[in-house]
Number of protein chains: 2
Amino acid sequence: MTSGHRPPGCPPRRSQECALTNATTRLHLDRVQAARQVINPAFLDTPLYVCESLAPVLGCEVSVKLETANPVRSFKGRGTEVVATQMADAGERSVVCASAGNLGQALAWSGRQRGLDVTVVASRFAPAIKLDRIRALGARLELVDGDHESARDWAVEIARTEGIRLLEDSLDIETCEGAATIGLELAAASSSYDSILIALGGGALATGVGYAMKSLSPETEVVCVQPHGAPALTRSWQQQRVVTTSSTSTIADGVAGRYPIAEVLADLLVVADDAVLVREESIVTGMRLLMEHAGLVVEPAAALGIAAILEAPERFAGQHVVTIVCGSNVDPAAYRGWIDPARP
Amino acid sequence: MTSGHRPPGCPPRRSQECALTNATTRLHLDRVQAARQVINPAFLDTPLYVCESLAPVLGCEVSVKLETANPVRSFKGRGTEVVATQMADAGERSVVCASAGNLGQALAWSGRQRGLDVTVVASRFAPAIKLDRIRALGARLELVDGDHESARDWAVEIARTEGIRLLEDSLDIETCEGAATIGLELAAASSSYDSILIALGGGALATGVGYAMKSLSPETEVVCVQPHGAPALTRSWQQQRVVTTSSTSTIADGVAGRYPIAEVLADLLVVADDAVLVREESIVTGMRLLMEHAGLVVEPAAALGIAAILEAPERFAGQHVVTIVCGSNVDPAAYRGWIDPARP
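Residues numbered from 1 in each chain as written. Chains lettered and ligands numbered in written order. Predicted model: local features only at pLDDT ≥ 70, side-chain atom pairs only at ≥ 80, totals over all residues. Heavy atoms only, no water.

> Describe helix α13 (residues 304-311) of chain A, naming the residues involved and giving the relevant values.
Summarising burial for α13(A): seven of the eight residues are buried, a large majority. All of the buried residues along α13(A) are Leu304(A), Gly305(A), Ile306(A), Ala307(A), Ala308(A), Ile309(A) and Glu311(A). (Buried < 20%, exposed > 50% of the residue type's maximum accessible area, 1.4 Å probe, protein only. Helix = DSSP H or I, 4+ residues; strand = E, 2+ residues; numbered from the N terminus.)

Below is the structure:
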């Protein structure tokens, strides 16, 4: 695990005062609480519990916040419920988004519930299971030859030419507010956590949950985790400026972006205490451990938190850590390979 | 699937009047509602959602009630919370139960929370992962050479010689009342269900949930499912008398009993509309489908409902079916074999 390095002279961001009084984010607690009111209950109050049998393996107490036991098998429904409700209330009928696969499923689901026309743009290299589910949920699926950044460009173009709403993950504040409702639930739990480990992709999950935790549970260290193979936002956080990369190489398709968004980075700089990078083999081991010791099918991005513990056990030793199991949309054949302890 | 055959002249049990006015069970709705008040929230309000991608495979809409996302990975905590609360309130300190593996984990967890001494008797042929977890949760584990019925005998003997509380699964009404709280949640859901498919073992789950459904959602057909390799309670229901078997042969270790309890059978005759048997290969296919299409790790007993649909697709065609995913405590190596589509 490559830990984040704060520039010299920059104070650590551990106290609420430092994090949320001296600096502001685009998020507001009253808006997050209002978001909760419009989200379908299928996505709310998700399981949160200690997986005791992980402790001997990882050296710390691990709780999971399970965001996969819902109709779209990821946390993204929280944000799309907010967006789709607002659109329906405003009489808007059509929306397009780029998606690595999970946002598209969630927007398709939320849009279908409200009679919206949903278009999803995705890379044709996204997992087939995610693309199939987007189609099955009734959305129009547009595939691009490039990666997720190409899909983002094409979604912008569709929104412009068709004059419809563009939903931009992590930039559109509703996606962050939806994710932040997870933080409300964590902060209301009877347990308190020393650290929270959050998958870092576009940043909605980390900024949303991080904001809620820093507001309501400031003693919890907010640690973002990204693969070495897709490090753009982590590098940006470390250098306090947008850093892009020319390519990505990771099995964690859900977090494989190259162009961080400046507004999201600004929020992340306020709410994140650290951002770390992990290796592919740690992600795979994390997936296997979650199956063996917790009985959970998780997609690679959802194992990033466990991977971070595996790479820095001394850092988390004796702590009570919580990690968000953010998605379970895996290709079955690939998944069987990942959880095979005999894999090469 | 071998469907149940009602004796000639016996009216079908489809109406609330028939089921719960003309006949009574040991259960009472006010006690079930009271049980809910003492159960740790970690076991309550579990996820309930439609797994849309199962529909094209099974020919019906399938919802799952997920009882695995909790500290003991099965529904059994609902009942043991009730028992352990009552014991603590009464100043009782020690309890023994026989367990196929899941009840023992749950009782160990609930007892530990309340400072009780818990002894669990199990067959030494129970899955190692279940036995290991019972020990890890701090219970005294006693192993017997025989099967689950031998463990039941030995638990009775321990209770007698040590003068401690014997918890008998399905016979002790608290275990049924705990399970029945699942039915409260199902009946309160916004969806209504044509059928509910419930794993049938000792009978606590089926009589508890069946009672709540027949009381609150009488239009839902209550269908119990057991393996051909462990058919004692199903045969008993079909013949309206206790039928025992000399052995069991099934991968569904959680439901492999041979000696049905007369009181439990009496309740089951009131609340169950049908009891069916399924083949081992259908259970395995059910486990694989739940992994591939729902992202769920389930133990064999938790796939019985899907197995029943696989064996009688015409019966459930077009219905909205709900099944209780009652446990996920699987041996990882065995599980990898079960979900391998290339297995012999």
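> Lay out the relation of the copies chain A and chain B in plain terms, naming residues and giving numbers.
You can overlay chain A on chain B at an RMSD of 0.0 Å; the transform is a turn of 180° with a shift of 0.0 Å along its axis. In short, the pair behaves as if placed about a two-fold rotation axis. In this assembly the copies share their binding face: 100% of the residues contributing to the interface of chain A also contribute to that of chain B. (Least-squares fit on C-alpha atoms with pLDDT ≥ 70 in both. Contact = heavy atoms within 4.5 Å.)

> Residues and numbers for unusual backbone geometry, please.
Notably, Ser170(A) is not glycine yet its phi reads approximately 80°, a positive angle. Within the secondary structure layout, Ser170(A) lies in the loop between β6 (165-167) and α8 (173-187).

> Go over the sheet that holds strand β3 (residues 94-98) of chain B, please, and point to the residues and values.
Residue and element names in this part refer to chain B. The strand order across the open sheet built from four strands is β5-β4-β3-β6, with neighbouring strands paired in parallel fashion. Edge strands, defined here as strands with exactly one partner in the open sheet, are β5 (140-144) and β6 (165-167). Here the average twist between neighbouring strands, direction ignored, is 20°. Both β3 and β6 contribute to a ladder of three bridges, which runs parallel. (Pairing = 2+ DSSP bridges. Axes fitted to C-alpha atoms, helices over the stretch in contact; angles between N-to-C directions.)

> Residues and numbers for the packing of aromatic side chains, please.
Residue and element names in this part refer to chain A. The final tally for this structure, using the stated rule, is two aromatic pairs over all chains. Both rings, one in Phe 43 and one in Trp 109, keep their centres 5.1 Å apart while their planes meet at 90°; by these two values the pair is edge-to-face. Within this pair, whereas Phe 43 is found in the loop between α2 (29-38) and β1 (48-50), its partner Trp 109 is found in helix α5 (residues 102-113), the two being separated by 66 residues in sequence. Both residues of the pair, Phe 43 and Trp 109, count as buried. (Phe/Tyr/Trp six-rings, centres within 6.5 Å; stacked < 30°, edge-to-face > 60°.)

> Which residues make up the packing of helix α4 (residues 77-90) of chain B against helix α5 (residues 102-113) of chain B, and what values do they have?
Residue and element names in this part refer to chain B. Running from N to C, α4 and α5 cross one another at 40°; their axes reach a closest spacing of 8 Å. In this view, α4 runs oblique relative to α5, as classed from their interaxial angle. The chirality of how α4 crosses α5 is right-handed. Contacts between α4 and α5 involve Gly 77, Thr 80, Glu 81 and Ala 84 from the former and Leu 103, Ala 106, Leu 107, Trp 109, Ser 110 and Gly 111 from the latter. For the contact of α4 with α5, a count of residues per class yields five nonpolar, four polar and one charged. (Parallel < 35°, antiparallel > 145°, perpendicular 65-115°, else oblique. Left-handed = near helix turned anticlockwise from the far one by under 90°. Nonpolar A, V, L, I, M, F, W, Y, C, P; charged D, E, K, R; others polar.)

> Explain the UniProt feature "domain: Tryptophan synthase beta chain-like PALP" (unreviewed entry) in chain A to me, and be specific about the residues and the numbers.
Look at the UniProt record and you will see "domain: Tryptophan synthase beta chain-like PALP" (unreviewed entry) annotated at residues 41-327 of chain A. Across residues 41-327 of chain A one finds 44% helix and 18% strand; the C-alpha atoms that close the span lie 18 Å apart. (UniProt positions renumbered as here; feature names shortened; annotations may be inferred.)

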